[in-house]
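# Fold and geometry: a report
Here's the letter readout for the chains.
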Amino acid sequence: MKVLSVLGSPRRGGNTEILLDEALRGASDHGGSCEKVVLRDLKITPCLEIYKCAEDGVCAIKDDMQDLFPKIEQAQRLIIASPIFFYTVSAWTKAMIDRCQSLWVKKYILKLPVSPVADRKGAFISVAATRGKKLFDGVRLTIKYFFDAIDVSYSHELFVRGVDEKGEVRKQEEVLQQAYELGRRLVVE
Ligand SMILES: Cc1cc2nc3c(=O)[nH]c(=O)nc-3n(C[C@H](O)[C@H](O)[C@H](O)COP(=O)(O)O)c2cc1C
């Protein structure tokens, strides 16, 4: 089973990546064929709203999204991992999501299939330094709406509050296990 994961944190080896790697370990131990895309290594222009995609569902901006679109379309399972930055996903993650407006157009305007794969599922991992009750409410909505646009059902989430220093989530064995379990469940359920 093809699992595409997207690291939206610009901090390599940070809390988000540690949890994502645990989830990928859980997925590959249970038959997932996993790929990790690191957004900070890519050149992704934010959506320019030129709506060339309204003609055929294809984004006209020639940058690294052109390699990522087919991966998004062909994945059977998708994991998005982003830290909370100012109560939303990182700018890296948001730029990628906004560029998928072309897939939203494909689905809702052109009524074309977004993906050849049926029954796609996705998971979302997020971390933040503070502990507010509503900390993840906004990003949950963003990712749910994103998943809907690309025909992925939002099936698992892991939110971790109170982690700030680079890598400090590693001290929380229970959370690491939850991440591993998220990856496992994503491929076996
Ligand atoms: C630009 C920026 C904005 C942030 N905004 C928030 C925020 O709104 N709420 C919060 O609880 N933490 C916020 N944080 C803290 C990060 O979410 C936290 O340090 C997290 O562990 C970073 O994950 P990483 O190690 O994967 O980069 C912010 C950090 C940065 C760098």
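Figured I'd write up the structure that's included with this text.

Quick notes on the rules
Per-chain numbering applies: the sequence of each chain, read as written, is numbered from 1 onward. Predicted model: local features are reported for residues with pLDDT of at least 70 only, side-chain atom pairs are reported and counted for 80 or more only, and whole-chain, interface and lining totals are derived from all residues. Side-chain descriptors were evaluated using all non-hydrogen atoms of the structure, hydrogens and water having been removed beforehand. Here a helix means four or more residues in a row that DSSP labels H or I, a strand means two or more in a row labelled E, and each is numbered from the N terminus. Exposed residues in this analysis have more than 50% of their type's maximum accessible area, buried residues have under 20%, and partly exposed residues fall in between, with area computed by a 1.4 Å probe over protein chains only. Residue contacts are defined here by distance: any two heavy atoms, one from each residue, within 4.5 Å place the two residues in contact. A cavity here means a set of points on a 1 Å grid, drawn over the protein atoms and nothing else, where a 1.4 Å probe fits but cannot get out; a pocket is an open set with protein on both sides within 12 Å along at least five of seven lines, and a residue lines either one if it has an atom within 4 Å of a point. Grid points are joined across faces, edges and corners, and a volume is the space filled by probe spheres set on the points. Throughout, the ten residues Ala, Val, Leu, Ile, Met, Phe, Trp, Tyr, Cys and Pro are labelled nonpolar, Asp, Glu, Lys and Arg are labelled charged, and all others, Gly among them, are labelled polar. Any two strands are treated as partners once DSSP identifies two or more bridges connecting them.

A few words on the environment of Val 175. With respect to the helices and strands, Val 175 occurs in helix H7 (residues 173-188). The class of Val 175 is buried, set by a relative accessible area of 9%. Measuring from C-alpha to C-alpha, the distance between Val 175 and Asp 148 comes to 27 Å, with 27 residues separating the pair along the chain. Among all residues touching Val 175, those that are not within four sequence positions of it are Leu 19, Leu 158, Val 160 and Val 169.

The space that makes up the largest pocket amounts to roughly 210 Å³. Taken together, 13 residues make up the lining of the largest pocket; nearest its centre are Ile 97, Asp 98, Gln 101, Tyr 145 and Phe 146. For the lining of the largest pocket, the secondary-structure elements that each account for two or more residues are helix H4 (91-99), helix H5 (101-108) and helix H6 (137-149). The dominant element in the lining of the largest pocket, judged by the number of residues it contributes, is H6, at four residues. Its residues placed into classes, the lining of the largest pocket shows eight nonpolar, two polar and three charged. If you trace the second largest pocket, you find 14 residues lining it, with Arg 11, Pro 83, Phe 85, Val 163 and Asp 164 closest to the centre.

What follows deals with the pairing of strand E4 (residues 121-127). Moving residue by residue along a regular strand, the side chains alternate between the two faces of the sheet. Along E4, seven of the seven residues are buried, which leaves the element largely enclosed by surrounding structure. Both faces of E4 are covered, namely the face carrying Lys 121, Ala 123, Ile 125 and Val 127 and the face carrying Gly 122, Phe 124 and Ser 126. Pairing analysis gives seven bridges linking E4 to strand E5 (residues 153-160), with the strands arranged parallel. Within E5, the position partnered with Gly 122 by the bridge is Tyr 154.

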